[in-house]
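# Remarks on the overall topology
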Amino acid sequence: MGVDPNLFTNLETFFNMNYPKYELLFCVEDDTDPAIMLVKSLMEKYPKVDAKLFIGAAIVGVNPKINNMHYAYEATAYDFILISDSGIRMKEDTLQDMMNHMTDKIALVHQMPFSADRSGFAAALEKIYFGTAHSRVYLTADCIKVNCHTGMSALMRKSVLEEEGGLKTFGCYLAEDFFIAKSFMDKGWKITICSQPAIQNSGICDIHSFQSRLTRWAKLRVAMIPLVTIFEPLTECMVIGGFTAWAVGVLFQWDSFAFYLVHVLIWFICDWVLLTIVQNGSLPFNKFDFVVGWLFRECSGPYLFLHALFNPTIRWRTRVYKLAWGGIAQEIKPRIKF
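Reading the values: rules and limits
- Position labels on residues start from 1 in each chain and follow its written sequence.
- Residues qualify for local features only when their pLDDT is at least 70, as the model is predicted, and side-chain atom pairs are given and counted only at 80 or more; totals for whole chains, interfaces and linings, by contrast, use all residues.
- Side-chain figures throughout are based on the complete set of non-hydrogen atoms in the structure, without hydrogens or water.
- Whenever a carboxyl oxygen of Asp or Glu lies within 4 Å of a side-chain nitrogen of Lys or Arg, that contact is scored as a salt bridge.
- Secondary structure elements are defined from DSSP: runs of H or I of at least 4 residues count as helices, runs of E of at least 2 residues count as strands, and each element is numbered from the N terminus.
- Only protein chains enter the accessibility calculation, which uses a 1.4 Å probe. A residue is then buried if its area is under 20% of the maximum for its type, exposed if over 50%, and partly exposed in between.
- In this scheme Phe, Tyr and Trp rings, the latter by its six-membered ring, pair at centre separations within 6.5 Å, and the angle between planes marks the pair as stacked below 30 degrees, edge-to-face above 60, and tilted otherwise.
- A ring is considered to have a charge above it if a Lys NZ or an Arg CZ atom is located within 6 Å of its centre and within 35 degrees of its normal.

### Observations concerning the pattern of salt bridges
Here the idea is simple: oppositely charged side chains can pair when their charged atoms come close. Across all of its chains, the model carries 16 salt bridges by this definition. One salt bridge connects Lys-127 with Asp-117, and the closest N-O pair in it is separated by 2.9 Å. With Lys-127 in helix α5 (residues 121-131) and Asp-117 in the loop between β6 (113-115) and α5, the pair connects residues that are ten residues apart, well separated along the chain. Lys-127 sits in the buried class, given a relative accessible area of 1%.

In structure tokens:
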């Protein structure tokens with residue numbers, strides 16, 4: 001939907017994937033979208049790649065992403081389907097890496113979200129979040145086999161999806177990625193992450209947009225898993241540190257303030273180590289930038305979560321939704337089907 005400065009280079013990486021045989025199905029909702037001309041230019045540049053463009057969305061639910069992909073899904077030719085956001089930048093061997101993880105017992109392989117190297121404080125903040133707070137929870141959940149699937153880049157078995165009725169079955173949810181993975185796991189299939197993270201490379205990067213995404217995701221988690229309301233704040237450094245410092249002060253008469261400072265320092269060092277591992281190379285910012293970005297993220301995290309709790313309405317691009325418990329979504333002033 002729409003064109004950003006990096007869209008052309010992001011989509012071009014899909015044409016250059018090193019894999020024996022695949023097709024590319026591009027989905028655009030609006031026939032006036034400038035992304036159409038961009039996709040057509042790539043199809044002309046790479047005529048040997050089997051690529052098709054689908055314009056127009058069906059109405060099979062409230063989820064605009066499912067509606068947008070419906071016609072392309074119905075036209076898919078192969079047994080495995082990779083669903084990727086347009087802001088993802090692929091490496092040549094990413095698809096092969098994902099297929100290497102698709103064993104007989106696994107029905108869905110996904111990538112841990114990360115971000116590309118870009119300039120500016122907002123880009124550094126985004127990389128710090130996805131490389132520390134988000135990756136910490138994501139990797140832990142995958143390790144203990146808890147559903148942590150995000151729909152940015154996910155490879156799945158079409159046959160298993162068809163057993164559930166296809167993509168349209170999940171059109172009633174905004175977090176279709178979570179419920180697709182849940183349905184697979186309920187049937188006894190396993191899901192896993194591959195070795196390469198999903199590199200987000202949107203050309204639009206600012207603090208307000210980034211925090212709006214985090215708030216929207218928090219609203220979805222609270223609606224899908226109500227226990228998140230209690231336990232998610234306890235994954236935040238500043239919150240759990242405050243509770244622990246108070247506890248050791250009461251139980252052991254330790255200096256609560258000193259304990260809190262040591263706690264924050266150790267957490268900070270561990271996050272730096274984790275970020276460098278996920279980055280797997282030199283970071284695009286120095287240690288001072290990391291300190292500032294890390295403190296900003298850790299201090300703003302609890303505020304964004306509280307904001308999500310007290311303002312449950314979700315804005316997704318040009319649409320507004322309300323969520324019921326269990327994740328069922330209802331669009332406010334939905335589109336009319338003619």
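### Details of the packing of aromatic side chains
Applying the stated criterion to the full structure yields 14 aromatic pairs. With centroids separated by 6.1 Å and ring planes inclined at 70 degrees, the aromatic side chains of Phe-130 and Trp-217 adopt a geometry described as edge-to-face. On the criterion of sequence distance, the pair formed by Phe-130 in helix α5 and Trp-217 in helix α9 (residues 207-224) is long-range, its members being 87 residues apart. Residue Phe-130 shares its accessibility class with Trp-217, and that shared class is buried. Here Trp-272 and Phe-290 contribute two aromatic rings whose centre-to-centre distance is 5.0 Å and whose plane-to-plane angle is 65 degrees, an arrangement assigned as edge-to-face. With Trp-272 in helix α12 (residues 256-279) and Phe-290 in helix α13 (residues 287-310), the pair connects residues that are 18 residues apart, well separated along the chain. Judged by relative accessible area, Phe-290 falls into the buried class, the value being 1%. Of note, Lys-158 hangs over the ring of Tyr-73, and the distance from its end group to the ring centre comes to 5.7 Å.

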